[in-house]
Amino acid sequence: IMPGWFSELSPMWSGEAHSFEVKKVVFEGKSDFQDVVVFDSVSYGRVLVLDGVIQLTQRDECAYQEMIAHLPLCSIENPAKVLVVGGGDGGVLREISRHESVQQIDICEIDKMVVDVAKEYFPELAVGFSNPRVNLHIADGVAFVRDAAPGTYDAIIVDSSDPVGPAQQLFEKPFFESMVKALRPGGVICTQAESPWLHMPIIKDIVAACRQTFKGSVNYAWTTVPSYPSGVIGFMLCSTEGPDVNFRNPVVSLDKLEMITIGEGGSEKRVPLPLKYYNSDMHKAAFSLPMFAKRELEHL
Ligand code: AAT
């Protein structure tokens with residue numbers, strides 16, 4: 001709208017648009033799935049945009065990637081096999097790499113261009129791919145999870161874009177049912193679940209679908225991400241039937257473990273990388289909901 005500025009317009013937040021002053025557009029492409037843009041902003045560092053929607057900025061990606069990864073992984077003992085759906089930028093992989101118990105990280109991202117762009121323009125996120133335990137699959141997450149061997153994963157993290165375009169089915173009940181099958185008993189999921197300020201109807205549908213499919217516990221948590229619409233984004237955290245998971249009381253502490261695993265071809269090493277956002281107190285606080293959200297979700 002304003003010259004030299006990017007405005008994030010979408011029917012998912014009609015009547016408002018967060019704007020960022022652009023220093024320089026560094027990449028523009030069109031993949032088989034979406035428009036891909038990378039620009040340097042004046043106040044949020046480098047920004048990744050897919051189909052006109054901000055996926056991450058250098059300044060606040062920590063608040064999203066750390067929470068979507070550690071809320072589920074710190075809620076269970078010794079997570080070993082983890083699946084990421086979406087997340088082609090590598091940021092969630094980087095966070096999973098803090099967990100020494102993890103032996104296998106599968107990632108299924110639909111769009112190879114996101115991975116290539118991250119490796120070129122977001123090295124501090126794409127570092128997540130340098131963990132030798134990571135297996136990258138370029139495919140639709142819906143099919144990948146449906147075809148996964150039953151009982152495989154301790155945790156599935158769905159770092160997905162909004163439910164318009166290629167991510168739509170990732171918000172629907174058949175996908176939740178496939179995740180239940182792909183998890184071991186007492187396994188957990190954490191999925192991107194939009195903002196209570198903007199998307200209560202969507203959140204209610206997700207919570208209702210999860211209550212029907214996940215026989216363990218079903219919870220909504222949230223974090224602040226100033227560059228996302230409304231500055232807040234939430235997650236669904238659910239567990240399957242089996243050993244109880246109390247998401248509100250983390251069993252793993254990362255407070256003294258600020259390292260990640262990197263390396264190539266058989267050799268791996270641990271290098272320091274301080275957390276910027278997550279800690280055990282933020283974990284516990286994330287499940288406290290404002291009255292307007294609590295009231296709408298408790299009876300589903
Ligand atoms: N970590 C950055 C935040 C994201 S990225 C979402 C990713 O999900 C994108 O790379 C997109 O290509 C991928 N994706 C979308 N649909 C699918 C699918 N069906 N299977 C696999 N990957 C998919 C999320 C930002 C949230 C924005 C909130 N407004």
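Residues numbered from 1 in each chain as written. Predicted model: local features only at pLDDT ≥ 70, side-chain atom pairs only at ≥ 80, totals over all residues. Heavy atoms only, no water.

Enquirer: Hey, could you go over the packing of aromatic side chains for me, with residue numbers and the actual values?
Expert: Under the criterion given, the structure shown has seven aromatic pairs. Aromatic pair phenylalanine 6 and phenylalanine 39: ring centres 5.4 Å apart, planes at 40°, arrangement tilted. Of the two residues, phenylalanine 6 is situated in strand β1 (residues 5-7) and phenylalanine 39 in strand β3 (residues 35-41); the sequence distance between them amounts to 33 residues. Like phenylalanine 39, phenylalanine 6 is buried. Measuring from ring centre to ring centre gives 5.8 Å for tyrosine 64 and phenylalanine 235, while their planes differ by 45°; the resulting arrangement is tilted. Of the two residues, tyrosine 64 sits in helix α1 (residues 61-73) while phenylalanine 235 sits in strand β12 (residues 232-239), which places them 171 residues apart along the sequence. With respect to burial, tyrosine 64 and phenylalanine 235 carry one shared label: buried. (Phe/Tyr/Trp six-rings, centres within 6.5 Å; stacked < 30°, edge-to-face > 60°. Helix = DSSP H or I, 4+ residues; strand = E, 2+ residues; numbered from the N terminus. Buried < 20%, exposed > 50% of the residue type's maximum accessible area, 1.4 Å probe, protein only.)

Enquirer: Kindly report on helix α6 (residues 173-182), identifying the contributing residues and their values.
Expert: Along α6, the residues classified as buried are Phe175, Phe176, Ser178, Met179 and Ala182. Seen along its axis, α6 keeps its buried residues to an arc of 160°; they face one direction. Across from the buried face of α6, at angles greater than 90 degrees, the exposed residues are Pro174 and Lys181. Here the buried face of α6 lies against β6 (81-86), α5 (141-146), β9 (153-159), β10 (183-192) and α7 (200-213). (Arc of directions from axis to C-beta. Contact = heavy atoms within 4.5 Å.)

Enquirer: Explain the sheet that holds β1 to me, using residue names and the numbers behind them.
Expert: Overall, antiparallel pairing links the five strands, which are arranged β1-β2-β3-β4-β5 in an open sheet. The open sheet has two free edges, formed respectively by β1 and β5 (53-57), since each of these has just one partner strand. Strand after strand, the sheet turns through a mean of 40° between neighbouring axes, direction not considered. Relative to strand β2 (residues 19-30), β1 runs antiparallel, the two being bridged by three bridges. Bridge pairing links tryptophan 5 to glutamate 21 in β2. Running over the sheet, helix α3 (residues 112-121) touches β2, β3 and β4 (46-50) and is turned about 120° from β2. (Pairing = 2+ DSSP bridges. Axes fitted to C-alpha atoms, helices over the stretch in contact; angles between N-to-C directions.)

Distances and angles like these do not, on their own, reveal function.
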